[in-house]
Amino acid sequence: MNKKLLILPAIIFSSILLVFFYLLIIDRDPSGIPSALINKKIPKFETKSLLTEETFISSDLFNNEITLVNFFATWCKPCRDEHDNIKKLSNEGGLKIIGINYKDNNEKAIKWLKELGNPYTSVGIDKNGSIAIDWGVYGIPETFVVDSSGIIKYRHVGPITNKIYNKINMIVIAIK
Amino acid sequence: MIKKVFIFVLFFVITQNYYFNSYAVEPEEILTNKKQEILARKISKNIRCMVCQNESIDASSAPLAKDLRILIRNKIQEGKNSEEIYKFLTDRYGDFILLKPPLKIITFPLWFLPFFILIISIIYVFWLNKKSKKT
Amino acid sequence: MINIIGNFSLWLALCFSAFQFLNSLKKNNNSLIYLNKIAVNGLLICTLISFFSLMYGHIVSDFSLANVFQNSHTTKPLLYKISGVWGNHEGSMLLWILILNIFNYFIFKLYNEKNLRFVSKILETQALIIFGFILFTAITSNPFELMQELNENGLGFNPILQDPALAIHPPLLYVGYVGFSAAFSISLAALTLEDNSIPWHTYMKPFVLAAWTFLTIGITFGSIWAYYELGWGGWWFWDPVENASFMPWLLGTALIHSLITVERKGILQSWVLLLSILAFLLSVIGTFLVRSGILTSVHTFALDPSRGIYILIFTAILASYSLFLFGLKLKKNPTNNYLSFFSKEGSILFNNILMVTVCFSVFLGTIYPLLIEAFTNNKISVGEPYYNATVIPIIIPAIIVMGVGPILSWGGVNKSKLFKKVFPAILSTLIMTFLTFMFYQSYSFVGLIGISLAFWIISNNIIMWFKKKEKLSIGMIISHLGVGFLILGITGSSVWQQEKIIKMKLKNEVKIKNYNIVFEEIDEIKGSNYLALRGNFYVYNEKRKLITILQPENRYYPITNNFTTEAAIDTNLIRDLYIVIGNGNINEGWTVRLYHNPLVMWIWFGAIVIFIGGIISTNNNLKKMKSLRK
């Protein structure tokens, strides 16, 4: 009886070590948090539009095509870094991208887009960050991939690097 | 035996109730209704600051932490209870935002194994003791 | 030049450790000691050279060394240039290795005519551990890498890390971890031993005591730094790396107590052997969690999965080797010992079960998010609420038994006699608890439990001290007293804390507890490497007498573009007055946070008293060991 019991700590230990080993070899970001909104419908919201006079209503914007949603701000350096890739997604990828301007100054944002180029079909203003909270945003820039029926399929936290650019393209192809 | 369990459960319940100092709450955030403020602190102590390492929103000066503190207080003033507020937050941020892991099937081992180990070791020692008493 | 010396001596040390390991294959006893003497001394000298080469590089700010460039700066004060050596991953590994080899030397000094094979076996296992650590450091984390280009100055520093408590914290902790490696090696030697005459527990006890004592003070200094520096008033966060130091401490506590039963009654031997293996394995897993990049924490060093894989393999080798050996070589001790709960051995066993359970909770809580992540797509957090809910209820019975344990006799007691013995302590506890609540004028159930537990321990131990029984170890009484003080401090500061968070303009006054605090003035000051906004708060007691002037600061460090807040704290045995100044301006006033934390000083005082008790016990046990070996 006793001898068998003694193998138990060894087995438990090795299983735990195996789990650690697995976690080390896969490609993961130890600080990244999966979105709670994956495979859920997009949060409804209504706000002012940055560039036009119209009101910005979520239900009008997402109609039967794959859409990207990008939370950005002029005071956020990684947002500036990823801007070229966002433009690429819009121009070369032909993707519809909606921008949400997070806790920003309207004039500065309009100027920023004018100078750097505007990849967004429309931009909504999130002055106090409540839209971001509804989307579970915690660290801008954040980009969401929404399919044609308004279901969120993927979320990336942080700037869209070249690697992530490719990943998003693959995801878009997969959900078509 | 039942008495032991009861006392144990009592300890569980009792060690949950505290009033906490906050080192990040701003003066304008503090609610005038003391009971509401205590509830806000209690909830905040359980909400993780998503951009910090292992801190609650009550201890973090990050902007998102502040937004969430204000959001929680607004909801309390609207009359929502802590369950509704937790649900609101986990719907958006997932279970990760709770510092106290919720009791779900996947967290059963987390919550019950320590207690289980304690019981098993006590039983094992009693059994060994009984065995040696026979000899 | 320095890097060549440092690197070469490191690799040479690796050779010496392999040499020491292979020595055990020698059958000839005489040459064995001689060869091990060469190995042990060689190892010590090489690692000393290597370590001090790195330190030299830091002191003279040799920025050709990558380690110096990344972690140092010419404006750093000398003390922090020195402590900067171990304030980074590579340097701290070198410190680990140095302390491993110092302990290796102490183990070598254990040799006498009777214990040749035993000590050689200990040295063999120790050599394996040293080899693994040096190999890891030399290959994946070499401190002597050169920069491609020479920079004029380094990447600076983090100003909040420049603190004396933080400087001493890692070396103390590492003495703890490495001490457990010695216990580990002794355990494996005892398992393979055929000779029952060698009292392995007598050898093990001083090492375990030393390890536990230094782990205690190391953890304490980390907490002291956190409380005084970070401005959150917290001193323990259940961060994974903190837990990694707490788990060996818990098992160490269990070990200290069960080693006594092995000594006096010869029971629980196999249990102690297993515990000492687990204590060190947990230390190594702690090293893994900190340095592998598997999780993020305020404490983790640079993230690098390849390092993690190496440490994991090393842990797996150590774990399988030791646990396999344990299972194989375990002798069936005749279990003819009946343990009464109301006996010293019963209370020690109870303590062990509880310590191991708490350790298990902490371990489970720490790795559970990783397990969830591996098996599902989700991430969860396991934070303070979990640990409070699982650890506190188990510590409480442990503390209750701790009050009574030392006065129980071996084999069992007469319960009515026991009650008579303990009655004065019960009375004293009730009186002191009542008085405390009268003083603080607030009732709290948690406070009640905490305060009565604290006074229970304090009363029992003061009574034991005055009864002056020679059988009772003075080190134990002091350490147990320390625990009582610690609980007093933790309870008081958690349960009766008060805050005032307000906007204050100049000349405004605020009242907290029975203190009046006036915001007299604000000035701009210049420090050695920072600029600061400093508030001057005059603290008056209820008799309008000026007690102190608190000067919290908001600092800006231009070199690293860092902002920090420096809390101003007035400490005495009764309470801490803690003040932090936030944002604001002359027109609207500044955000001022004022905290009244009772009994905080007792936390540090208690921990230091535990440390002193540990030192006394370690010393006594060393003497015992030396006399036994003659």
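Keep in mind it's a predicted model, so treat the numbers as computed, not measured.

### Some words on the interface of chain B and chain C
Between chain B and chain C, the contact holds 48 residues from the first and 55 residues from the second. In total, about 4500 Å² of surface goes out of reach between chain B and chain C, with carbon and sulfur atoms giving 65% of it. For the pair chain B and chain C, the number of links is 2 salt bridges. A salt bridge links Glu26(B) to Arg593(C); the shortest N-O distance between them is 3.5 Å. Summed over the shared surface of chain B and chain C, the result is 16 residue pairs in polar contact (both at pLDDT 80 or more). Counting residues per element, the ones that place at least two in the side of chain B that touches chain C are α1 (2-14) and α5 (108-134) of chain B. The residue inventory of the side of chain B that touches chain C, partitioned by class, reads 27 nonpolar, 13 polar and 8 charged.

### Here's the deal with helix α12 (residues 344-375) of chain C
Because each turn of an α-helix spans 3.6 residues, side chains separated by three or four positions in sequence point in the same direction. Residue and element names in this part refer to chain C. With 32 residues, α12 should reach 46 Å at 1.5 Å per residue; the first-to-last C-alpha distance of 44 Å fits that figure. Remark: the principal bend of α12, roughly 40°, maps to Ile-367, with a proline, Pro-369, within the next four residues. Burial within α12 is extensive, with 29 of its 32 residues counted as buried.

### Focus: the packing of aromatic side chains
Counted under the stated rule, the structure contains 49 aromatic pairs over all chains. Centre to centre, the rings of Trp236(C) and Phe246(C) are 5.6 Å apart; their planes meet at 65°, and the pair counts as edge-to-face. Here Trp236(C), found in the loop between α8 (200-229) and α9 (240-265), pairs with Phe246(C), found in helix α9; they are 10 residues apart in sequence, far enough to count as distant. The exposure class assigned to Phe246(C) is buried, which follows from its relative accessible area of 15%. Through a chain of ring-to-ring contacts, the aromatic side chains of Trp111(B), Trp212(C), Trp236(C), Trp238(C), Phe246(C), Trp249(C), Tyr386(C) and Tyr387(C) assemble into a single cluster. Positioned over the ring face of Tyr165(A) is Lys88(A), at 4.5 Å from the centre of the ring. The side chain of Arg92(B) reaches across the aromatic face of Phe88(B), ending 3.6 Å from its centre.

### Overview of the state of the cysteines
Working definition: the covalent bond between the sulfur atoms of two cysteines is a disulfide. Tallied over the full model, the rule gives 2 disulfides over all chains. One disulfide in the model links Cys76(A) with Cys79(A); its S-S distance is 2.1 Å. Of note, the bridge from Cys76(A) to Cys79(A) carries an S-S torsion of about 90° and is right-handed in sense. Sulfur-sulfur distance for the disulfide between Cys49(B) and Cys52(B) comes to 2.0 Å. The disulfide joining Cys49(B) to Cys52(B) has a torsion of about 60° about its S-S bond and is therefore right-handed. By the burial criterion, Cys49(B) is buried, and Cys52(B) matches it. Not part of a disulfide, Cys15(C) finds its nearest cysteine sulfur in Cys46(C), a span of 8.7 Å.

### Some words on unusual backbone geometry
Cis rather than trans, the peptide bond between Ile140(A) and Pro141(A) has omega equal to 5°. One can find Pro141(A) in the loop between α5 (130-134) and β6 (142-146). Even without glycine at this site, Trp238(C) takes up a positive phi of about 55°. As for its placement among the helices and strands, Trp238(C) is situated in the loop between α8 and α9. Overall, Trp238(C) belongs to the buried group, its relative accessible area being 9%.

### Details of the interface of chain C and chain A
Each partner contributes to the interface: chain C provides 32 residues, whereas chain A provides 22 residues. Between chain C and chain A, a total of about 2300 Å² is buried, with carbon and sulfur atoms accounting for 78% of that surface. Counting the surface chain C buries against chain A, the share from its top three residues, Ile294(C), Leu312(C) and Lys379(C), is 23%. At the junction of chain C with chain A, the criterion picks out 0 salt bridges. Remark: the boundary between chain C and chain A carries 0 residue pairs in polar contact (both at pLDDT 80 or more). At the level of secondary structure, the elements contributing two or more residues to the side of chain C that touches chain A comprise α10 (269-291), α11 (305-329) and α12 of chain C. Examining the composition of the side of chain C that touches chain A, we find that 11 residues originate from one element, α11(C), more than from any other.

### Details of a positive patch on the surface
All names here are of chain C. A contiguous patch of positive charge on the surface is contributed by Lys-417, Lys-420, Lys-421 and Lys-467. No other element matches the 3 residues that helix α14 (residues 415-440) contributes to the positive patch. Within the fold, Lys-417 resides in helix α14. Residue classification places Lys-417 among the exposed positions, given a relative accessible area of 60%.

### What about the pattern of salt bridges?
In total, this model carries 26 salt bridges over all chains according to the counting rule given. The partner of Lys66(B) in a salt bridge is Glu28(B), with the nearest N and O atoms 3.5 Å apart. Of this pair, Lys66(B) sits in helix α3 (residues 63-77) while Glu28(B) sits in the loop between α1 and α2 (34-44), and the two are 38 residues apart along the sequence. Here Glu28(B) falls in the exposed class, since its relative accessible area comes to 52%. Arg534(C) is the salt-bridge partner of Asp523(C), the closest N and O atoms lying 3.3 Å from each other. One end of the pair, Asp523(C), is in strand β3 (residues 515-526); the other, Arg534(C), is in strand β4 (residues 531-540), and 11 residues separate them in sequence.

### Side note on the nonpolar core
If you look at the biggest cluster of nonpolar residues, it comprises 175 residues, and the most contacted ones within it are Phe20(A), Phe118(C), Trp200(C) and Ile294(C). Beyond its immediate chain neighbours, meaning those up to four positions away, Trp200(C) contacts Phe118(C), Ile186(C), Ala190(C), Leu259(C), Val262(C), Gln269(C), Val272(C) and Leu273(C).

### A word on the sheet that holds strand β3 (residues 67-72) of chain A
Residues and elements named next belong to chain A. Read from one edge of the open sheet, 5 strands run β5-β4-β3-β6-β7, paired in mixed fashion. Two strands close off the open sheet at either side, each with one partner strand: β5 (122-126) and β7 (152-157). For this sheet, the mean inter-axis angle between neighbouring strands, taken without regard to orientation, is 20°. Packing of helix α3 (residues 77-91) onto the sheet brings it into contact with β3, β4 (96-102) and β6, and relative to β3 it is tilted by some 165°.

### Topic: helix α6 (residues 116-140) of chain C
Between its first and last C-alpha, α6(C) extends 36 Å over 25 residues, near the 36 Å set by a 1.5 Å rise per residue. With 18 of 25 residues buried, α6(C) lies mostly within the body of the structure.

### Considering the pairing of strand β7 (residues 562-566) of chain C
Residue and element names in this part refer to chain C. Sheet topology note: the strand β6 (residues 553-557)/β7 ladder contains 5 bridges and is antiparallel. Bridge assignment links Arg-555 to a residue of β7, and that residue is Thr-564. Counting the residues between successive antiparallel strands, the hairpin from β6 to β7 contains 4 residues, one of them, Asn-561, with a positive phi of roughly 55°.

About the criteria used
Residues numbered from 1 in each chain as written. Chains lettered and ligands numbered in written order. Predicted model: local features only at pLDDT ≥ 70, side-chain atom pairs only at ≥ 80, totals over all residues. Heavy atoms only, no water. Contact = heavy atoms within 4.5 Å. Buried area = accessible area lost by both parts, 1.4 Å probe. Salt bridge = Lys/Arg side-chain N within 4 Å of Asp/Glu carboxyl O. Polar contact = N/O pair within 3.5 Å; in protein donor to acceptor, adjacent residues only side chain to side chain. Helix = DSSP H or I, 4+ residues; strand = E, 2+ residues; numbered from the N terminus. Nonpolar A, V, L, I, M, F, W, Y, C, P; charged D, E, K, R; others polar. Expected span 1.5 Å × (residues − 1). Bend = angle between axes of the 7 residues up to and from the residue. Buried < 20%, exposed > 50% of the residue type's maximum accessible area, 1.4 Å probe, protein only. Phe/Tyr/Trp six-rings, centres within 6.5 Å; stacked < 30°, edge-to-face > 60°. Lys NZ or Arg CZ within 6 Å of the ring centre and 35° of its normal. Disulfide = S-S within 2.5 Å. Patch = residues over 30% accessible without salt bridge, like charges linked within 9 Å, V, L, I, M, F, W, Y side chains within 5 Å. Areas by Shrake-Rupley, 256 points an atom, 1.4 Å probe, with all protein chains shown as cover. Lys, Arg positive; Asp, Glu negative; His and termini not counted. Charge placed at Lys NZ, Arg CZ, Asp CG, Glu CD. Core = buried A, V, L, I, M, F, W, Y, C linked by side-chain atoms within 4.5 Å. Pairing = 2+ DSSP bridges. Axes fitted to C-alpha atoms, helices over the stretch in contact; angles between N-to-C directions.

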